[in-house]
Amino acid sequence: MEHEIAALYRSVRTRLTEITEVWGDRAYVDLAPSRSTLPYAVYAVTELRRIERATRSVMALTLRVTCAADSLSSLIECLGRINDLLDDADYDTPKALDSGYDWVILTMTRGGMIQRVVLVDGVAEYEAVIAYRAVVEPR
């Protein structure tokens, strides 16, 4: 059986790269390569916990998605697209994430966001981090 984190990573990578987005194919797990072309997206699971329900147990995963861009307007465009692609991508909606054969992504909900500007080699890089909560259960 595929691990729930692997299933979420695969489905997010597919969603972020299946059509040409502003970041192209630059969607990375955990860390972007040094000196990556902007814009890009990085995603990582930062928390995994079991939730016991009356009839079954499900897993809740916190997914952190970071966007990096060379301007605030490009960052805002990236954030909008990521939100369009991931927020409310529940199993029973037209934009459901394909979680494969082993897991069902019951809900995918946007949480908080932080935005900052950092200097990289003296050049401003705009970054934002969005947290999503995915609730999954085995099929």
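Residues numbered from 1 in each chain as written. Predicted model: local features only at pLDDT ≥ 70, side-chain atom pairs only at ≥ 80, totals over all residues. Heavy atoms only, no water.

(A) Representation of the overall build of the chain within the structure. Scanning the chain for helices and strands turns up two helices and five strands. When its helices and strands are written in sequence order, the chain yields α-β-β-β-α-β-β. Its C-alpha atoms give the chain a radius of gyration of 15 Å, within 12% of the compact-globule value 14 Å for 139 residues. If you line up the chain on its principal axes, its C-alpha atoms span 55 × 25 × 25 Å. Buried residues in the chain amount to 42% of all 139 residues. Restricting the contact set of the chain to residue pairs at least 6 apart, pairs at least 24 apart contribute 57%. Looking at the chain as shown, the accessible area adds up to about 7,400 Å², and 52% of this sits on carbon and sulfur atoms. Side-chain charges of the chain comprise 16 positive and 21 negative groups, with the mean position of each set lying 3 Å from the other. (Helix = DSSP H or I, 4+ residues; strand = E, 2+ residues; numbered from the N terminus. Rg over C-alpha atoms; globule rule 2.2 N^0.38 Å. Buried < 20%, exposed > 50% of the residue type's maximum accessible area, 1.4 Å probe, protein only. Contact = heavy atoms within 4.5 Å. Areas by Shrake-Rupley, 256 points an atom, 1.4 Å probe, with all protein chains shown as cover. Lys, Arg positive; Asp, Glu negative; His and termini not counted. Charge placed at Lys NZ, Arg CZ, Asp CG, Glu CD.)

(B) Region of the structure containing the nonpolar core. Ranked by internal contacts, the top residues of the largest apolar core, which has 33 residues, are Leu8, Leu63, Ile82, Leu86 and Met108. Contributing elements (two or more residues each) for this core: helix H1 (4-17), strand S2 (40-52), strand S3 (57-69), helix H2 (72-86), strand S4 (103-120) and strand S5 (123-138). The residues touching Leu86, leaving out its near neighbours within four places in the chain, are Val12, Arg15, Val65, Leu97, Met108 and Tyr132. In this structure, Ile51, Val58, Leu106 and Val135 belong to the second largest nonpolar core, which totals six residues. (Core = buried A, V, L, I, M, F, W, Y, C linked by side-chain atoms within 4.5 Å.)

(C) Looking closely at H1. An ideal rise of 1.5 Å per residue puts 20 Å on 14 residues; H1 measures up with 20 Å between its terminal C-alpha atoms. Of the surrounding elements, those touching the buried residues of H1 are strand S1 (27-29), S2, S3, H2, S4 and S5. (Expected span 1.5 Å × (residues − 1).)

(D) Inspection of the side chain of Arg15 at higher detail. Relative to the assigned elements, Arg15 resides in helix H1. Polar contacts involving the side chain of Arg15 include one to the main-chain carbonyl oxygen of Leu85, which spans 2.9 Å. Apart from the residues lying within four places of it in its own chain, the contact partners of Arg15 are Leu85, Leu86, Ala89, Lys95, Ala96 and Leu97. (Polar contact = N/O pair within 3.5 Å; in protein donor to acceptor, adjacent residues only side chain to side chain.)

(E) Local environment of the pairing of S5. Taken together, the eleven bridges between S3 and S5 define a ladder with antiparallel strand orientation. Looking at S5, one finds that Thr66 is bridged to Val129. In this antiparallel pair of consecutive strands, S4 and S5, the connection spans two residues, and Asp121 shows a positive phi of 55°. (Pairing = 2+ DSSP bridges.)

(F) Spatial organisation of the pattern of salt bridges. All chains considered together, the criterion is met by seven salt bridges. A salt bridge links Glu21 to Arg81, with the shortest nitrogen-to-oxygen separation between them at 2.8 Å. Of this pair, Glu21 sits in the loop between H1 and S1 while Arg81 sits in helix H2, and the two are 60 residues apart along the sequence. Assessed through its relative accessible area of 8%, Glu21 is described here as buried. For Arg116, the salt bridge is made with Glu127, and the minimal N-O distance between the two is 2.7 Å. You can see Arg116 sitting in strand S4 and its partner Glu127 sitting in strand S5, a full eleven residues away along the chain. Looking at Arg116, the relative accessible area reads 49%, which means it is partly exposed. Residues joined in a network through salt bridges with shared partners are Glu21, Arg81 and Asp84. (Salt bridge = Lys/Arg side-chain N within 4 Å of Asp/Glu carboxyl O.)

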